[in-house]
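So the chains spell out like this:
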Amino acid sequence: MKATYSDNSTRTITSGFTTSGFSSDSPGTKTVTVNYQGKTAKFEVTVKAKSDSNTPKVVATTVNGKPGSLVQVKIMLEKNPGIASLKLLVTLDPQLTAESVVYNESIGGMFMQPQTMKSPLILNWFNGAADLKEANPLFATLNIRISGSAKTGSTLPITISYEQNNVYNIREEDVYLEVVNGGVKVAEYMSGDMNGDNVVDNKDLTRLFQYLSSYSGADLAVSGDVNKDGKVDNKDLTRLFQYLSGWQVQIY
Ligand SMILES: [Ca+2]
Ligand SMILES: [Ca+2]
């Protein structure tokens, strides 16, 4: 600790002071008060939760896309212990432009569309009556356009932040969420884009289903092996269907 005296001299003190207010029992912002010879000073520290598979998380997915294409990045809530409010700021790489935000309205409550699609996007949700405890972890889907001049091989980051006072449960107790940031990997091809129209959607499911059923003319624009097990079969259909339904699965 550095003490400044009335004559403006300073001295480093290593003992003789007391501290209070710090506890690492629970995550959050803690104000630490230091007492030394009748003088007090305060500072804030952030205690982070120990991370494991049961830690509540807000996750932005990482997806592949070609320069100029439209990709879907999902914002997921994992191990949600019950929240009644969630306000997120989503910052996009300058090479990414949001075109729309689609909330998962099945979770109920009030959603606010961002007034502007400029980064950072503000995603704001609350429910004044009950905690959200959904089995489906999907919170929102962001439709994002990759710049035509984006370099293949690069990863364009999508980062999430929030203010702790805006994430709480129905008892107005703050709920800590670990943030897992996402991004867009710029690739020569777009995983899952079976019909080659630069979007991954149910049409690609239709195309893959037709291909697997040997319909004539049902060619695949990219590899149908979305689960990367070396074969193109109904398992890939299952994987693509799960992916399009907001499950936390990867397609290749
Ligand atoms: Ca497609
Ligand atoms: Ca496969």
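Quick caveat: nothing in here was measured; it's all calculated off a predicted structure.

1. Overview of the pairing of strand S6 (residues 57-60)
Part 1 of the argument: In the sheet, S6 pairs with strand S8 (residues 70-78) via four bridges, with the strands oriented antiparallel. Note that in S8 the partner of Lys57 across the bridge is Glu78.
Part 2 of the argument: Here S6 pairs with strand S15 (residues 178-180) via three bridges, running parallel. In the sheet register, Val59 faces S15, and the bridge partner there is Val180.

2. Focus: the sheet that holds strand S5 (residues 39-47)
Strands in a sheet are paired, the pairing made by backbone hydrogen bonds, and the direction either parallel or antiparallel.
Part 1 of the argument: On the basis of which strands lie adjacent, the open sheet formed by three strands has the order S3-S4-S5 and antiparallel pairing. With one partner strand each, in any of the chains shown, strand S3 (18-20) and S5 form the two edges of the open sheet. Between one strand and the next, the sheet's axes are offset by a mean angle of 25°, whatever the strand orientation.
Part 2 of the argument: Relative to S5, strand S4 (residues 28-36) is paired through nine bridges, and the arrangement is antiparallel. By the bridge assignment, Val34 is partnered in S5 with Ala41.

3. Considerations on the nonpolar core
Part 1 of the argument: Ranked by internal contacts, the top residues of the largest apolar core, which has 35 residues, are Ile75, Val90, Leu123, Leu142, Ile144 and Val184.
Part 2 of the argument: Setting aside residues up to four positions removed in sequence, Ile144 forms contacts with Val71, Val73, Leu92, Leu96, Thr97, Ala98, Glu99 and Val184.
Part 3 of the argument: Val200, Val226, Tyr243 and Ile251 belong to the second largest nonpolar core, which has nine residues in total.

4. A look at the domain arrangement of the protein
Part 1 of the argument: The domain boundaries assigned to the protein delineate domain 1 (2-47), domain 2 (57-186) and domain 3 (202-244).
Part 2 of the argument: The centre of domain 2, based on its C-alpha atoms, is set 28 Å off from the matching centre of domain 3.

5. Concerning the packing of helix H1 (residues 202-212) against helix H2 (residues 234-244)
Part 1 of the argument: It is the contact of H1 with H2, at a shortest axis distance of 10 Å, that shows an interaxial angle of 170°. Here H2 runs roughly antiparallel to H1, going by the angle between their axes. For the pair formed by H1 and H2, the contact residues are Asn202, Asp204, Leu205, Leu208, Phe209 and Leu212 on the first element and Asn234, Asp236, Leu237, Leu240, Phe241 and Leu244 on the second.

6. Examining unusual backbone geometry
For residues besides glycine, phi is generally negative; the peptide bonds are generally trans as well.
Part 1 of the argument: The amide bond that connects Ser119 to the next residue, Pro120, takes the cis arrangement and shows omega of 0°.
Part 2 of the argument: In this fold, Pro120 is placed in the loop between strand S11 (110-112) and strand S12 (121-126).
Part 3 of the argument: Phi is positive for Gln37, close to 50°, though the residue is something other than glycine.
Part 4 of the argument: On the secondary structure map, Gln37 appears in the loop between S4 and S5.
Part 5 of the argument: You can call Gln37 exposed: it has 8 C-beta atoms within 10 Å.
Part 6 of the argument: With phi around 70°, Asn198 is a residue other than glycine that occupies positive phi space.
Part 7 of the argument: The topology assignment puts Asn198 in the loop between strand S16 (182-186) and H1.

Parameters at a glance
- Residues numbered from 1 in each chain as written.
- Chains lettered and ligands numbered in written order.
- Predicted model: local features only at pLDDT ≥ 70, side-chain atom pairs only at ≥ 80, totals over all residues.
- Pairing = 2+ DSSP bridges.
- Helix = DSSP H or I, 4+ residues; strand = E, 2+ residues; numbered from the N terminus.
- Axes fitted to C-alpha atoms, helices over the stretch in contact; angles between N-to-C directions.
- Core = buried A, V, L, I, M, F, W, Y, C linked by C-beta atoms within 7 Å.
- Buried ≥ 20, exposed ≤ 12 C-beta atoms within 10 Å, placed from the backbone.
- Contact = placed C-beta atoms within 7 Å.
- Domains from an automatic or database assignment.
- Parallel < 35°, antiparallel > 145°, perpendicular 65-115°, else oblique.

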